[in-house]
Amino acid sequence: MARIRAVTGRRQTFPDQGWTLTVSAPGGAESGEGIPAPVPGTVAQALQAAGLWSSDDPAPLHDRDFVYRTRLTGHGPHTLRFHGLATLAEVRLDGERILTSDSMYLAHEVPVTLNGGAELSIRFHALHPALAAKKGRARWRPKLAEPAGLRFVRTTLLGHMPGWCPPIHAVGPFRPVELVEETGPCRVLAADLRSGYDGRDGHLSLRLTVEGAAAGTGASVEVAGHTVPLAFDGVDGFTADLILPGVEPWWPHTHGEPVLHGVTARIGAVEVDLGRVGFRSLAVDRGPDGAGFALLVNGERVFCRGGCWVPVDLVGLASDRAAYEPELRRMREAGANMVRVGGTMLYEGDAFFELCDELGLLVWQDAMLANFDYPTDAAFLDSVRAEIAQLLDRTQASPSLAVLCGGSEMEQQAAMLGLPRASWTQPALTAVIAEEAAARRPDLIQVPNSPSGGPLPFIANAGVTHYYGVGAYLRPLEDARRAGVRFASECLAFANLPAEDAPGVPALHHPRWKARVPRDPGASWDFEDVREHYLETLYAVDPRRLRYEDPDRYRRLSRAVTGEVMQAVFDEWRRAGSSCAGGLVWQWRDPSPGAGWGAGWGVVAADGTRKPAWYALRRAFRPLRVILTDEGVNGLAVHLVNDTARPVEALLRLTAWRDGSVAVLKAERPVAIPARTAMALLAAELSDRFFDTTYAYRFGPISHDVVTAQLLLAERGAEPIDESHYFPRGRSLPRSDLGLTAVVERQGEDWALRLAAGRFACSVHVEDERFQADDAWFHLPPGIERTVRLRPRTGSHGGSVVGITDGTASAGRMMPDGEVHALNALAPVRYRGNA
């Protein structure tokens with residue numbers, strides 16, 4: 001049933017003040033004075049605010065009971081709603097038990113009668129003693145999460161995955177507690193709201209279940225400028241089916257506009273706000289061999305790119321709009337159009353899906369199941385069924401929700417541990433999820449597990465895969481094509497360094513540093529080792545020697561290399577003729593401050609700071625993209641990608657540079673790129689003479705070290721759209737005097753830097769204590785000016801701080817003062833603004 005936002009006569013209050021928290025031994029009496037506790041919130045959040053616990057050194061929380069208390073006021077019948085209790089919870093009202101819950105994924109409604117004031121208490125029982133009492137042998141035991149008994153309980157694996165995230169345990173009323181009073185002439189009990197799109201017209205069906213409606217009551221529904229009557233079935237149902245001719249459909253933002261339409265129903269004097277819907281269709285193109293996985297939205301193939309989501313507040317598990325919006329906007333700004341909520345995390349709140357609807361971000365949603373061999377008893381399956389039903393009900397009107405997946409790496413885990421093929425799947429769980437999806441969201445694309453679909457669950461060239469060929473398995477960049485990836489629902493995990501070191505960061509390779517670098521449990525290597533492999537491969541340096549002889553250069557090359565690898569892989573996957581239809585980076589954001597001291601998997605740090613890899617992905621994810629690929633003796637191929645809804649008339653310019661400064665090849669031609677398509681041509685088509693762009697024929701010494709492809713907008717005086725670069729001799733260009741210049745300019749109330757170079761400059765980036773550039777770690781060809789806006793850092797008053805703001809008020813009062821660096825420059829260039 002769809003989420004009902006508001007109803008005339010329904011009074012909803014959220015008792016979020018006056019809560020206290022006490023602690024006790026498991027099952028014992030409470031001791032000590034209570035401390036203030038935020039609700040919604042967690043035990044960790046309350047203890048940290050009281051100075052009794054720290055996320056830097058988190059103490060375990062599953063070995064004690066915790067009790068929350070508050071006072072409720074009111075008169076008469078009410079409904080208490082608990083939107084999320086982690087995990088083993090017992091709720092009492094004035095000492096009388098009214099609810100027990102053993103799943104953090106289930107919401108509960110309890111009818112109560114208030115006679116003035118009442119005490120509400122919630123006891124969260126210690127999880128570890130309960131797990132120790134669970135019995136039953138699994139067919140396999142994964143190393144990912146501990147203890148093994150977690151497979152019996154419906155709770156998050158966050159806090160239980162060594163090497164992945166800190167041991168911050170989820171305990172408490174992490175979602176809102178709500179008190180509802182009905183005073184209207186009738187009660188709206190449920191709404192079944194479904195929408196569709198056939199390529200031209202929208203379709204909407206609505207059924208309201210209403211208690212207390214009288215026969216003959218006038219009722220209607222309004223959507224997208226159309227109002228139609230609701231038919232009463234004579235018992236408790238009001239229904240309508242609408243066709244909306246030519247309605248504006250919903251698109252992922254890379255391919256169109258994410259148009260939403262409000263839906264309002266009226267039953268007599270009662271108005272029912274059903275929120276907003278988007279009209280779109282979904283399908284999967286399996287390709288001619290039936291092994292592919294390409295998402296079709298409104299009949300158009302969409303290359304899905306983005307990342308795997310991590311909760312933005314690992315301590316408090318905040319789920320309001322203010323918590324989600326900055327990070328989801330950063331995803332959109334990077335050009336991502338899909339976010340995956342994986343099975344090792346938790347179901348996100350309503351505001352998450354509302355924002356994805358608004359921003360045009362597709363959602364791949366896993367069931368919260370991962371790696372384990374789960375029970376198949378009726379109680380466990382019923383609990384999973386209920387959580388999937390609730391998830392699909394509250395997101396029923398959400399057009400962003402596109403893929404429902406049965407969980408993460410369960411099939412892969414069984415297969416990799418050598419179990420027989422018949423043991424890889426868990427059909428009882430798969431059936432439960434499929435049944436609920438068919439009943440409640442038949443529009444969704446269903447995936448049984450991630451990865452799955454090939455002769456081995458994790459094979460890359462069939463179905464969906466977790467691709468770490470380039471990455472953890474140290475394969476060359478060419479493997480991104482050789483593997484024949486169809487869809488990577490996880491990929492490209494690296495220990496991504498931030499652009500700057502936070503205060504107090506230990507020395508590189510210090511034991512405290514290495515202890516927080518992400519790793520797979522039981523592995524003899526970590527993801528910093530993976531990064532160093534590609535550092536050596538791409539830049540021809542010895543990372544170990546460089547790390548202790550020149551740590552500053554080691555850091556700069558390390559910041560650049562992961563982005564370069566990610567961009568190269570996504571360029572390969574987005575090229576014309578690629579078998580791949582999507583890739584989601586693992587992970588989008590670091591889980592908590594201090595995770596690897598910034599060298600976590602995330603392309604965004606836990607404080608929201610964009611890492612160098614984020615800027616590389618923003619280039620790779622652009623809806624309008626020019627890509628260069630090495631096709632051996634066929635030379636360079638130039639791929640032109642246009643995801644947008646409009647055809648583009650452009651100028652394609654190709655330049656080969658000797659010593660980074662002398663143009664030994666110049667060629668250009670006008671190109672027309674149809675909407676929502678990718679096309680390719682050989683570089684040889686642009687020139688009327690032979691030029692060995694890839695140095696495949698080796699007739700004498702190589703004549704160039706960089707090839708640049710520029711895509712320029714023809715109708716706006718050669719305004720740049722995108723550019724790509726190819727390095728036939730590798731990225732380790734010699735360090736030299738680049739003639740790099742930086743001029744500070746005022747642009748209204750803002751500051752900007754105008755950059756230029758006499759020689760090709762690699763991985764250009766700005767360092768300024770007061771400002772952060774809105775673009776970084778880009779290559780700058782000679783003779784081309786690049787202007788980057790400088791945005792003031794949050795709270796900057798001349799000191800070194802993290803974070804940036806989009807405001808301009810503080811920018812006018814501060815002057816830029818910093819340096820511009822390039823990896824192949826002999827020295828940085830200083831700049832300073834003038835008042």
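Conventions used here
- Residues numbered from 1 in each chain as written.
- Predicted model: local features only at pLDDT ≥ 70, side-chain atom pairs only at ≥ 80, totals over all residues.
- Heavy atoms only, no water.
- Helix = DSSP H or I, 4+ residues; strand = E, 2+ residues; numbered from the N terminus.
- Rg over C-alpha atoms; globule rule 2.2 N^0.38 Å.
- Buried < 20%, exposed > 50% of the residue type's maximum accessible area, 1.4 Å probe, protein only.
- Contact = heavy atoms within 4.5 Å.
- Areas by Shrake-Rupley, 256 points an atom, 1.4 Å probe, with all protein chains shown as cover.
- Lys, Arg positive; Asp, Glu negative; His and termini not counted.
- Charge placed at Lys NZ, Arg CZ, Asp CG, Glu CD.
- Pairing = 2+ DSSP bridges.
- Axes fitted to C-alpha atoms, helices over the stretch in contact; angles between N-to-C directions.
- Salt bridge = Lys/Arg side-chain N within 4 Å of Asp/Glu carboxyl O.
- Core = buried A, V, L, I, M, F, W, Y, C linked by side-chain atoms within 4.5 Å.

Student: What should I look at first to understand the overall build of the protein in this one?
Tutor: The helix and strand tally for the protein stands at 13 helices and 43 strands. For the protein, the C-alpha radius of gyration of 28 Å lies close to 28 Å, the compact-globule estimate for 835 residues. Sorting the 835 residues of the protein into buried and exposed places 58% on the buried side. Taking the intrachain contacts of the protein between residues at least 6 apart in sequence as the baseline, contacts between residues at least 24 apart amount to 68%. Carbon and sulfur atoms form 51% of the exposed surface of the protein, whose accessible area is close to 32,100 Å². Between the averaged position of the 88 positive side-chain charges in the protein and that of its 100 negative side-chain charges there is a distance of 3 Å.

Student: Explain the sheet that holds strand β41 (residues 786-792) here, please?
Tutor: Backbone-to-backbone hydrogen bonds join strands into a sheet, with any given pair of strands oriented parallel or antiparallel. Pairing is antiparallel across the open sheet formed by four strands, whose spatial order is β36-β37-β41-β39. The strands lining the two open edges of the sheet, one partner per strand, are β36 (741-747) and β39 (771-773). Adjacent strand axes in the sheet meet at a mean angle of 30 degrees, parallel and antiparallel pairs treated alike.

Student: When you look at the pattern of salt bridges in this model, what are you seeing that I'm missing?
Tutor: Close approach of charged atoms allows side chains of opposite charge to pair. The full count for this structure, using the stated rule, is 78 salt bridges. Among the salt bridges present, the one from Glu30 reaches Arg69, with a minimum N-O distance of 2.6 Å. With Glu30 in strand β4 (residues 30-36) and Arg69 in strand β5 (residues 65-82), this residue pair connects regions lying 39 residues apart in the sequence. Given the relative accessible area of 26%, Arg69 is considered partly exposed. Salt bridges sharing common partners tie together Glu333, Arg610, Arg618, Arg619, Glu723, Asp775 and Arg786.

Student: Honestly, the environment of Ala6 in this entry has me stumped. Any pointers?
Tutor: Mapped onto the secondary structure, Ala6 falls in strand β1 (residues 6-7). With relative accessibility at 33%, the residue Ala6 sits in the partly exposed group. Along the sequence, Ala6 and Thr22 sit 16 residues apart, while their C-alpha atoms lie 35 Å from each other. The contact partners of Ala6, leaving out residues within four places of it in the chain, are Gln12, Glu271, Val272 and Asp273.

Student: What is the right way to read helix α4 (residues 350-359) from this model?
Tutor: Counting buried residues in α4 gives seven out of 10 residues, a clear majority hidden from the surface. Along α4, the residues classified as buried are Ala351, Phe352, Phe353, Leu355, Cys356, Asp357 and Leu359. The inward-facing, buried residues of α4 contact α3 (321-333), β22 (338-341), β23 (362-366), α5 (378-394) and β24 (401-405). Phi turns positive one or two residues past the end of α4, at Gly360, with a value near 75 degrees.

Student: Help me understand the sheet that holds strand β33 (residues 677-682), please; the structure alone is not making it clear to me.
Tutor: With antiparallel pairing, three strands are arranged side by side in an open sheet as β29-β30-β33. Looking at which strands have only one partner, the edges of the open sheet turn out to be β29 (624-630) and β33. Across the sheet, the axes of successive neighbouring strands diverge by a mean angle of 20 degrees, strand direction being ignored. Helix-sheet contacts for helix α12 (residues 551-574) involve β29, β30 (636-642) and β33, and the interaxial angle to β29 is about 95 degrees.

Student: Explain the nonpolar core to me, please; I cannot follow it from the model alone.
Tutor: The tendency in soluble globular proteins is for nonpolar side chains to be buried side by side. Core analysis: the biggest nonpolar cluster contains 177 residues, and Phe82, Leu328, Phe352, Tyr467, Phe570 and Trp573 have the highest contact counts within it. It is α12 that provides the largest number of residues to this core, a total of nine residues. Setting aside anything within four residues of it in sequence, one finds Leu328 in contact with Trp309, Phe352, Leu355, Cys356, Leu359 and Leu361. Leu193, Val210, Ala219 and Leu230 belong to the second largest nonpolar core, which has 30 residues in total.

Treat this as a map of the structure, not an account of what it does.
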